[in-house]
Structure formats: structure tokens, C-alpha cells
Amino acid sequence: LINETRLRITVSGHGIRARSPWRGDLAISWNDVKSVDFSKATQWFSIRDKQAHTIRVHVYLTGVSTFVDLMARHLPHDIYSSALRNYEQFLRRTL
């Protein structure tokens, strides 16, 4: 996933990694994810780990559906269910 600010998000079966010239490299394994939120106002997912690090995934990044699929596959439902519900509501309003 790449956006115009030179942010690169990589998702895999191991977790999520963000790389940017400003914040450097940050990786969060699925096992370390504490919470996932989705903001309709900012239109991004916020993935927080147990050390309070945050990676944000904007809905207009190419491949966001891959992130959503892997999140649902690798995280307990209670960690992401509210975020997924808010994201689905957002999609219904914008389509």
C-alpha cells in the first residue's frame, strides 16, 4: 500500500509494517495488536499495539481490502469488530 506521502504499509500473515521518511519503520505483529479503531471522520483504521505504537491505514490506500481480510483472519473478533462495523457503515454511505 502506498500513498502520496511516501508512506508504505505492508500486511502479511505475520502483521503490519509501516515505513515512512518521517516516522521511520514500525512493525506490529498480529499477536501484539491491542486495539483496532476506524474513524469515519479521518477515514482510517488505527492499529495500536501493547506498547501504544500506532499504524494508520487510510481507506483510499491501494490494497486496503487485503488489510481488512488479514485483520479478520489473524485477530480475535472482539479486537476489530467495532472498527469493521464502522468501516462497513462508512462504505455504505460513500457508495
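Keep in mind the model is a prediction, meaning the values are calculated, not measured.

Draft legend 1. Molecular detail of the nonpolar core. Counting residues in hydrophobic clusters, the biggest one holds 29 residues, and the most contacted among them are Ile-9, Ile-16, Val-36, Phe-45, Val-57, Phe-67 and Met-71. Take this core: its biggest share by element is six residues, from helix α2 (residues 77-94).

Draft legend 2. Region of the structure containing the pairing of strand β3 (residues 24-29). Two elements, strand β2 (residues 15-20) and β3, share six bridges in a ladder whose sense is antiparallel. If you follow Ile-16 over to β3, its bridge partner there is Ile-28. The antiparallel pairing of β2 with β3 creates a hairpin that spans three residues between the two strands.

Draft legend 3. Structural view of helix α1 (residues 64-74). Looking at α1, one finds that the buried residues are Val-64, Phe-67, Val-68, Leu-70 and Met-71. Contacts made by the buried residues of α1 are with β1 (8-11), β2, β4 (33-39), β5 (44-49), β6 (54-58) and α2.

Draft legend 4. Examining the pairing of β1 more closely. Of the two faces of β1, the one lined by Ile-9 and Val-11 is fully buried and the one lined by Arg-8 and Thr-10 carries no buried residue. Relative to β2, β1 runs antiparallel, the two being bridged by four bridges. The residue of β2 that forms the bridge with Arg-8 is Arg-19. Between β1 and β2, which pair antiparallel and follow one another directly, the connecting turn spans three residues.

So, how was this worked out
- Residues numbered from 1 in each chain as written.
- Predicted model: local features only at pLDDT ≥ 70, side-chain atom pairs only at ≥ 80, totals over all residues.
- Heavy atoms only, no water.
- Core = buried A, V, L, I, M, F, W, Y, C linked by side-chain atoms within 4.5 Å.
- Buried < 20%, exposed > 50% of the residue type's maximum accessible area, 1.4 Å probe, protein only.
- Helix = DSSP H or I, 4+ residues; strand = E, 2+ residues; numbered from the N terminus.
- Pairing = 2+ DSSP bridges.
- Contact = heavy atoms within 4.5 Å.

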